[in-house]
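Analysis of the macromolecular model
In case you want the letters, here they are:
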Amino acid sequence: MKSSDNTFSVEKAEDSSGFLLWQVTNLWQREIKKALEPHDLTHSQFVLMASIHWLTLQKQDVTQILLSSHTKIDPMTTSTVLRTLQTKQLIQRQEHKTDTRAKTVGLTENGIKIIKQAVITVENFDKTFFSTLGNTTQTFNEQLLTLLEQKNA
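The following paragraphs examine the structure supplied in this document. As the structure is a prediction and not an experimental result, all values here were calculated from the model. (Residues numbered from 1 in each chain as written. Predicted model: local features only at pLDDT ≥ 70, side-chain atom pairs only at ≥ 80, totals over all residues. Heavy atoms only, no water.)

Looking now at the packing of aromatic side chains. Under the definition given, this model contains five aromatic pairs. Residues Phe130 and Phe140 carry aromatic rings whose centres are separated by 5.9 Å and whose planes lie at 40 degrees to one another, so their mutual orientation is tilted. Here Phe140 lies in helix H6 (residues 137-152) and Phe130 lies in helix H5 (residues 109-130), a separation of 10 residues in the sequence. With relative accessibility at 23%, the residue Phe130 sits in the partly exposed group. Overall, the relative accessible area of 26% leaves Phe140 in the partly exposed class. Each residue in the set Trp28, Phe125, Phe129, Phe130 and Phe140 is aromatic and connected to the rest through ring pairs, giving one cluster. (Phe/Tyr/Trp six-rings, centres within 6.5 Å; stacked < 30°, edge-to-face > 60°. Helix = DSSP H or I, 4+ residues; strand = E, 2+ residues; numbered from the N terminus. Buried < 20%, exposed > 50% of the residue type's maximum accessible area, 1.4 Å probe, protein only.)

Structure (structure tokens):
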């Protein structure tokens, strides 16, 4: 029997975009965590290391602020994760060439080796995970970008 309480605007939980996104995000995060375990990386560590590598390949001076902005990880969390990566000797920090308040962040030789392996793992995982979307993956990515852009506007 259906309740007469109209607290929710949707008839079924599956009609709530936010609830579905939350469920898919949790599923994806659980599975990516398993995929990254052999590399001894959390997902946040992976994202920051991959971003350091990406931005370095783009010939950018990688700073903590740039990383935070690029990844959408808040500055305090970025700092905490970078400290852990430095303790694991996967990144190094040094004085910025022109901005005395900033430090540049780079991968160590071991960090480069690990991130190159982890990127292959994550790209293969994503390819498999999102393969059920078939030829709509590009549209899905564009829709995700639309959601991100509306928040940044």
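Let us now look at the packing of helix H2 (residues 43-57) against helix H3 (residues 64-71). For the pair H2 and H3, the least separation of the axes is 10 Å and the interaxial angle reads 110 degrees. Relative to H3, H2 is oriented roughly perpendicular. Residue-level contacts link Val47, Leu48, Ser51, Ile52, Trp54 and Leu55 of H2 to Leu66, Leu67, His70 and Thr71 of H3. Of the residues in the contact of H2 with H3, the class split is seven nonpolar, three polar and no charged. (Axes fitted to C-alpha atoms, helices over the stretch in contact; angles between N-to-C directions. Parallel < 35°, antiparallel > 145°, perpendicular 65-115°, else oblique. Contact = heavy atoms within 4.5 Å. Nonpolar A, V, L, I, M, F, W, Y, C, P; charged D, E, K, R; others polar.)

Turning to the packing of H2 against H5, a few remarks are in order. Relative orientation of the contacting elements H2 and H5 amounts to 110 degrees, with a least axis distance of 10 Å. Judged on the interaxial angle alone, H5 and H2 are roughly perpendicular. Seen from H2, the contacting residues are Phe46, Met49, Ala50 and His53; seen from H5, they are Gly111, Ile112, Ile115, Lys116, Ala118, Val119 and Val122. By residue class, the composition of the contact of H2 with H5 is eight nonpolar, two polar and one charged.

Once that is clear, we can look at the pattern of salt bridges. Pairs may arise between side chains of opposite charge once their charged atoms sit close together. A complete count under the given rule lists three salt bridges for this structure. Residue Glu31 is joined to Lys34 by a salt bridge in which the shortest nitrogen-to-oxygen separation is 3.2 Å. Of this pair, Glu31 and Lys34 are both found in helix H1 (residues 17-36), three residues apart, which corresponds to roughly one turn of the helix. Using a relative accessible area of 27% as the deciding quantity, one classes Glu31 as partly exposed. On the basis of relative accessible area, Lys34 is assigned to the partly exposed category, the value being 48%. Across the pair Lys88 and Asp40 runs a salt bridge, and its minimum N-O distance is 3.7 Å. Of this pair, Lys88 sits in the loop between helix H4 (75-87) and strand S1 (91-95) while Asp40 sits in the loop between H1 and H2, placing them 48 residues apart in sequence. (Salt bridge = Lys/Arg side-chain N within 4 Å of Asp/Glu carboxyl O.)

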